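Overview (structure and organization)
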Amino acid sequence: MPKQKTKSSAKKRFKLTGTGKIKRKHAFKSHILTKKSKKRKRNLTQSTLVHKADESNIKEQLCLK
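Residues numbered from 1 in each chain as written. Predicted model: local features only at pLDDT ≥ 70, side-chain atom pairs only at ≥ 80, totals over all residues. Heavy atoms only, no water.

The chain is annotated in an unreviewed UniProt entry as Large ribosomal subunit protein bL35 of Pricia mediterranea. In the Sequence similarities (unreviewed entry) part of its UniProt record, the chain is described as follows: "Belongs to the bacterial ribosomal protein bL35 family." (UniProt positions renumbered as here; feature names shortened; annotations may be inferred.)

This is the structure we're talking about:
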């Protein structure tokens, strides 16, 4: 059997935390920033965790299952 490859797109977008949760960045902060408030842009800067319902799909893409 050949080795299983990780999805390159997932590899670039997600990181594992020490406790095994998956970390991600917020979307909507690349352009058209003039109409967004300072508070909204500031909150989009911080990273967050992936929702529990999506974790299994992402772990599969990262070959962690």
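After that view of the structure, there is still more to cover.
1. Notes on the overall build of the chain
In terms of helices and strands, the chain carries three helices and three strands. Walking the chain from its N terminus toward its C terminus, one meets helices and strands in the order α-β-β-α-β-α. Scaling as 2.2 N^0.38, a compact globule of 65 residues should have a C-alpha radius of gyration of about 11 Å, whereas the chain reaches 15 Å, well beyond that. For the chain, the spread of C-alpha atoms along the principal axes amounts to about 50 × 25 × 20 Å. Out of the 65 residues belonging to the chain, those deemed buried represent 14%. When the accessible surface of the chain is summed, it comes to about 6000 Å², and 52% of that surface belongs to carbon and sulfur atoms. (Helix = DSSP H or I, 4+ residues; strand = E, 2+ residues; numbered from the N terminus. Rg over C-alpha atoms; globule rule 2.2 N^0.38 Å. Buried < 20%, exposed > 50% of the residue type's maximum accessible area, 1.4 Å probe, protein only. Areas by Shrake-Rupley, 256 points an atom, 1.4 Å probe, with all protein chains shown as cover.)

2. Regarding the nonpolar core
Of all hydrophobic cores here, the largest spans six residues; its members are Ala 10, Phe 14, Ile 22, Val 50, Ile 58 and Leu 62. Setting aside its immediate chain neighbours within four residues, Val 50 contacts Phe 14, Ile 22, Arg 24, Glu 55 and Ile 58. (Core = buried A, V, L, I, M, F, W, Y, C linked by side-chain atoms within 4.5 Å. Contact = heavy atoms within 4.5 Å.)

3. Here we look at the sheet that holds strand E1 (residues 15-16)
With antiparallel pairing, three strands are arranged side by side in an open sheet as E1-E2-E3. The open sheet is flanked by E1 and strand E3 (48-49), the only strands paired with a single partner. Note: strand E2 (residues 22-24) against E3, two bridges, orientation antiparallel. Residue pairing across strands places Lys 23 opposite Leu 49, the latter belonging to E3. (Pairing = 2+ DSSP bridges.)

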